[in-house]
Amino acid sequence: MFKYIIEQSGHLSGEIDISGSKNAALPIIAASLLADGDVVLKNIPCLSDTTLMCDILKCFGAKVTAEKNTLYINSSNLKNYIAPYDLSSKIRGSFLVMGPMLARCGKVRISLPGGCPIGTRPVDLHLKAFAQMGAEILTGHGYIDVSSKKLTGAKIHLDFPSVGATENIMMAAVGANGTTYIGNASQEPEIVDLANFLNKSGAKIYGAGTDEIKIVGRTPLSPCEYSVIPDRIEAGTFMVAAAITGGKITLNNVIPNHLSPVIAKLTELGVKISAKNTTINITANSPLHCADVKTMPHPGFPTDMQALMMSLLSVCDGTSVICETIFENRFMHAPELVRMGASIKTDGRCAIINGRPYLTGACVKATDLRAGAALSIAALCAKGKSEISDIYHIERGYELFDEKLIKLGAKILKVKR
Ligand code: UD1
């Protein structure tokens with residue numbers, strides 16, 4: 001077990017490269033199960049989550065080798081359809097193998113996703129869609145079995161534009177007989193990336209990035225080489241790090257369009273942001289203003305940036321309200337920020353933040369991935385020293401988090417607990 005010791009760090013400055021997107025990499029690794037032959041995936045972030053996903057593929061019989069940020073996956077000889085409990089229960093993204101396994105092998109068994117600190121996170125929308133496509137679903141002893149002798153395209157309308165459900169349906173539909181339509185589909189950039197990967201392999205997916213996706217099933221897939229998109233949440237995290245320290249930094253390897261809601265909100269606070277091609281420059285001079293934030297499905301403000309905004313608003317002038325509409329319990333970081341001197345009151349899905357002139361260093365716990373990043377970023381501007389424990393959460397989703405911060409001038413040390 002490791003922890004970060006972080007000292008108040010002054011203005012961050014310099015430039016860093018943003019890694020590949022975790023949330024794009026996970027479904028694309030899973031989708032490699034659909035292709036018969038050698039798939040090459042580039043710009044894959046080296047994270048515990050991506051490693052776990054590769055381990056699940058290996059259990060199915062796929063051959064997976066990694067060389068820095070490139071993965072070589074061959075799923076020609078799948079011999080097993082059961083994802084072991086100890087692997088699949090560790091990572092919610094493991095559920096993304098259901099769609100491709102159903103399409104490829106006609107059956108899959110996976111453990112029910114475990115409890116998650118940010119809410120119950122059910123998978124009912126995924127299962128309802130598979131049932132509509134003709135699959136039989138059995139649950140028992142902590143496992144879900146999904147099987148189908150003849151997966152068939154269907155007209156599916158999602159009750160909520162779930163990212164994971166949209167991805168799972170797309171992957172299952174690629175191997176189904178007939179055409180599938182997904183209404184009220186998620187429009188996240190990661191959905192478009194998955195569709196681009198599948199289409200490059202020969203799939204026929206239309207409308208990804210809109211709320212209506214059409215997938216023509218049973219087009220033969222051939223393996224391809226593909227590079228995943230940059231991680232917009234990692235980029236947003238470093239933008240907030242610059243803003244909270246009054247810094248001036250440059251981020252390379254970004255797609256500015258994917259960050260539009262984050263750029264708009266930070267600009268509203270008074271942060272100066274300019275984007276050109278795949279580069280974003282961020283300059284912040286205090287004091288920054290308060291602003292209200294409401295998380296929404298893309299292209300609204302991303303829930304994965306909510307905790308980070310809370311850290312920043314804790315030191316902005318005035319009172320801000322954050323409304324979390326995506327997850328039911330995603331304010332675990334609020335009491336930890338209060339330990340650092342923030343003034344935050346939560347009431348259900350809303351949080352009221354009264355900006356303070358400064359925060360103070362404290363011992364705090366990373367309760368989940370984004371909460372951990374938010375506390376680390378808050379510690380950069382807090383007077384004195386902070387200790388962030390349970391940083392394995394952070395390392396699930398940020399490649400070289402501490403090293404990149406150090407490159408920008410942060411005083412951060414990773415030590416054994
Ligand atoms: C993905 C992202 C996660 C992000 C989230 C929302 C990955 C690996 N993770 O998670 O970082 O925070 O999108 O942008 O890409 N829901 C149901 N039933 C379902 C599925 C979802 O009720 O069957 C609910 C969830 O409990 C949640 C909401 O829908 O309240 C959004 O979940 P979803 O969009 O599915 O998120 P994930 O795909 O799990």
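Before reading further, recall that the structure is shown in the block above.
Presented here is a report on the structure given in the accompanying data block.

Here is what the cut-offs are and how they apply
Residues numbered from 1 in each chain as written. Predicted model: local features only at pLDDT ≥ 70, side-chain atom pairs only at ≥ 80, totals over all residues. Heavy atoms only, no water. Pairing = 2+ DSSP bridges. Helix = DSSP H or I, 4+ residues; strand = E, 2+ residues; numbered from the N terminus. Axes fitted to C-alpha atoms, helices over the stretch in contact; angles between N-to-C directions. Near = heavy atom within 4 Å. Polar contact = N/O pair within 3.5 Å; in protein donor to acceptor, adjacent residues only side chain to side chain. Areas by Shrake-Rupley, 256 points an atom, 1.4 Å probe, with all protein chains shown as cover. Nonpolar A, V, L, I, M, F, W, Y, C, P; charged D, E, K, R; others polar. Domains from an automatic or database assignment. Salt bridge = Lys/Arg side-chain N within 4 Å of Asp/Glu carboxyl O. Buried < 20%, exposed > 50% of the residue type's maximum accessible area, 1.4 Å probe, protein only. Core = buried A, V, L, I, M, F, W, Y, C linked by side-chain atoms within 4.5 Å. Contact = heavy atoms within 4.5 Å. Parallel < 35°, antiparallel > 145°, perpendicular 65-115°, else oblique. Left-handed = near helix turned anticlockwise from the far one by under 90°.

## A closer look at the sheet that holds strand β4 (residues 63-67)
Now for step 1: Strand order in the open sheet made by the four strands is β4-β5-β3-β13, with mixed pairing throughout. Among the strands making up the open sheet, the edge pair consists of β4 and β13 (225-227). Within this sheet the neighbouring strands show an average axis-to-axis angle of 15 degrees, counted without direction.
Now for step 2: Pairing between β4 and strand β5 (residues 70-74): five bridges, direction antiparallel. Bridging across to β5, Thr65 finds its partner in Tyr72.

## Some details on the site of the ligand
Now for step 1: Around the ligand lies a shell of 18 residues, among which Asp124, Leu125, Ser162, Asp304 and Ile326 are the nearest.
Now for step 2: A distance of 2.6 Å is found between an oxygen atom of the ligand and a side-chain nitrogen or oxygen belonging to Ser162.
Now for step 3: The contact in question runs from an oxygen atom of the ligand to an N or O atom on the backbone of Ile326, over 2.6 Å.
Now for step 4: Coverage of the ligand by the protein amounts to 85% of the 740 Å² it exposes when considered alone.
Now for step 5: No other element matches the three residues that helix α5 (residues 124-132) contributes to the shell around the ligand.
Now for step 6: Class assignment of the residues belonging to the shell around the ligand gives a composition of eight nonpolar, five polar and five charged.
Now for step 7: Domain assignment of the residues forming the shell around the ligand places at least three in each of domain 1 (2-18 + 230-416) and domain 2 (22-217).

## Comments concerning the pattern of salt bridges
Now for step 1: Inspection of the entire model under this criterion finds 14 salt bridges.
Now for step 2: With its nearest N and O atoms 2.9 Å apart, the salt bridge here joins Glu268 to Lys265. Here Glu268 pairs with Lys265, and both are found in helix α9 (residues 260-269), just three residues apart, close to one helical turn.
Now for step 3: Here Glu268 falls in the partly exposed class, since its relative accessible area comes to 44%.
Now for step 4: In this structure Lys265 comes out as buried when scored by relative accessible area, which is 15%.
Now for step 5: A salt bridge links Asp304 to Arg330, with the shortest nitrogen-to-oxygen separation between them at 2.9 Å. Taken together, the residues Asp304 in the loop between β17 (293-294) and α10 (306-313) and Arg330 in the loop between β18 (319-323) and α11 (333-339) connect sequence positions 26 residues apart.

## Some remarks on the nonpolar core
Now for step 1: Leu41, Val97 and Leu198 are the most contacted members of the largest nonpolar core, which has 73 residues in total.
Now for step 2: What Val97 contacts, discounting residues up to four positions off in sequence, is Ala30, Leu33, Met53, Ile56, Leu57, Phe60 and Ile110.
Now for step 3: Counting residues in each nonpolar core, the second largest holds 70 residues, with Ala235, Leu337, Ala351 and Val364 among its members.

## So, the sheet that holds strand β7 (residues 136-140)
Now for step 1: What the three strands build is an open sheet, ordered β6-β8-β7; its pairing is antiparallel. Each end of this open sheet is capped by a strand with a single partner; those strands are β6 (107-111) and β7. Ignoring which end each strand starts from, the neighbouring axes of this sheet average 15 degrees apart.
Now for step 2: Relative to strand β8 (residues 143-147), β6 runs antiparallel, the two sharing five bridges. In the sheet register, Arg109 faces β8, and the bridge partner there is Asp145.

## A few points about the packing of helix α8 (residues 232-244) against helix α12 (residues 369-381)
Helix packing geometry: the angle between the two helix axes and the distance between the axes.
Now for step 1: At a closest axis distance of 9 Å, the pairing of α8 and α12 adopts a crossing angle of 20 degrees. Comparing the axis directions of α8 and α12 gives the class roughly parallel. α12 is crossed by α8, and the crossing has right-handed handedness. Every residue of α12 that contacts α8 at Ile233, Thr237, Val240, Ala241 and Ile244 is listed here: Arg370, Ala373, Ile377, Ala378, Leu380 and Cys381.
Now for step 2: Classifying every residue of the contact of α8 with α12 gives nine nonpolar, one polar and one charged.

## Some words on α10
Now for step 1: Within α10, eight of the eight residues are buried, which leaves the element mostly enclosed by the surrounding structure.
Now for step 2: Burial in α10 covers these residues: Gln306, Ala307, Leu308, Met309, Met310, Ser311, Leu312 and Leu313.

## Observations regarding unusual backbone geometry
Now for step 1: Here the amide bond leading from His298 into Pro299 is cis, since omega sits at 10 degrees, within 30 degrees of zero.
Now for step 2: Take Pro299: it is sitting in the loop between β17 and α10.
Now for step 3: Positive phi values are uncommon outside glycine, yet Lys68 reaches one of about 50 degrees.
Now for step 4: Tracing the backbone shows Lys68 in the loop between β4 and β5.
Now for step 5: A positive phi angle, near 60 degrees, is found at Arg218, a position not held by glycine.
Now for step 6: Within the secondary structure, Arg218 sits in the loop between β12 (212-216) and β13.
Now for step 7: Note on Arg218: relative accessible area 54%, which makes it exposed.

Purely spatial values, then, with no claim about function.
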